[in-house]
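# Analysis of the macromolecular model
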Amino acid sequence: MKIMTDAELLAKVEAFLKRTKMPATRFGRETMADGSLVTHLRAGRSLSLANAGKVVDFMVAYRAPVAAKRTRKPADATSDRVAA
């Protein structure tokens, strides 16, 4: 098992945020209940191995919400008629 450096973890987080378009504050709240997590990582904060593991586990398990499918009503055949 390879232990990630702080720079490698931050690079993975940044790539995750870009790919999922998730705001950094939401990522921090969902992973560590800390909306400032990504800001602190960018400023050089180090995480314990356990907390880094939680962050990585979150990214691996994350499934983006599926947008609700839009259903179209079939066109009403009578709607095209002009009233006489």
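Within each chain, residue numbers correspond to sequence positions counted from 1 in written order. Selection of residues for local features in this predicted model requires a pLDDT of at least 70, selection of side-chain atom pairs for listing and counting requires 80 or more, and totals for whole chains, interfaces and linings are taken over all residues. Processing note: side-chain calculations cover all non-hydrogen atoms of the structure and skip hydrogens and water entirely.

## Some thoughts on the overall build of the chain
A tally of helices and strands in the chain yields four helices and zero strands. Scanning the chain from its N terminus toward the C terminus, one meets helices and strands in the order α-α-α-α. Each of the 84 residues in the chain was classed as buried or not, and the buried ones make up 23%. Contact between two residues is taken to exist if any of their heavy atoms lie within 4.5 Å; hydrogens are not considered. For the chain, restricting intrachain contacts to residue pairs at least 6 apart in sequence, the fraction spanning at least 24 positions comes to 50%. Counting from the N terminus, the helices are DSSP H or I runs at least four residues long and the strands are E runs at least two residues long. Throughout, exposure labels follow a simple rule: accessible area from a 1.4 Å probe, protein chains only, divided by the maximum for the residue type, with under 20% read as buried, over 50% as exposed, and the rest as partly exposed.

## What about the environment of Glu30?
Mapping Glu30 onto the fold places it in helix H2 (residues 24-32). On a C-alpha basis, the gap between Glu30 and Val55 in space is 9.2 Å, while along the polypeptide they are 25 residues apart.

## Remarks on the confidence of the model for the chain
Per-residue confidence from the predictor is reported as pLDDT, which spans 0 to 100. Considering every residue of the chain, the mean pLDDT works out to 87; 77% of them sit at 70 or more. At the level of individual helices and strands, the chain shows its lowest average pLDDT in helix H4 (residues 49-61), which scores 96, and its highest in helix H3 (residues 37-42), which scores 98.

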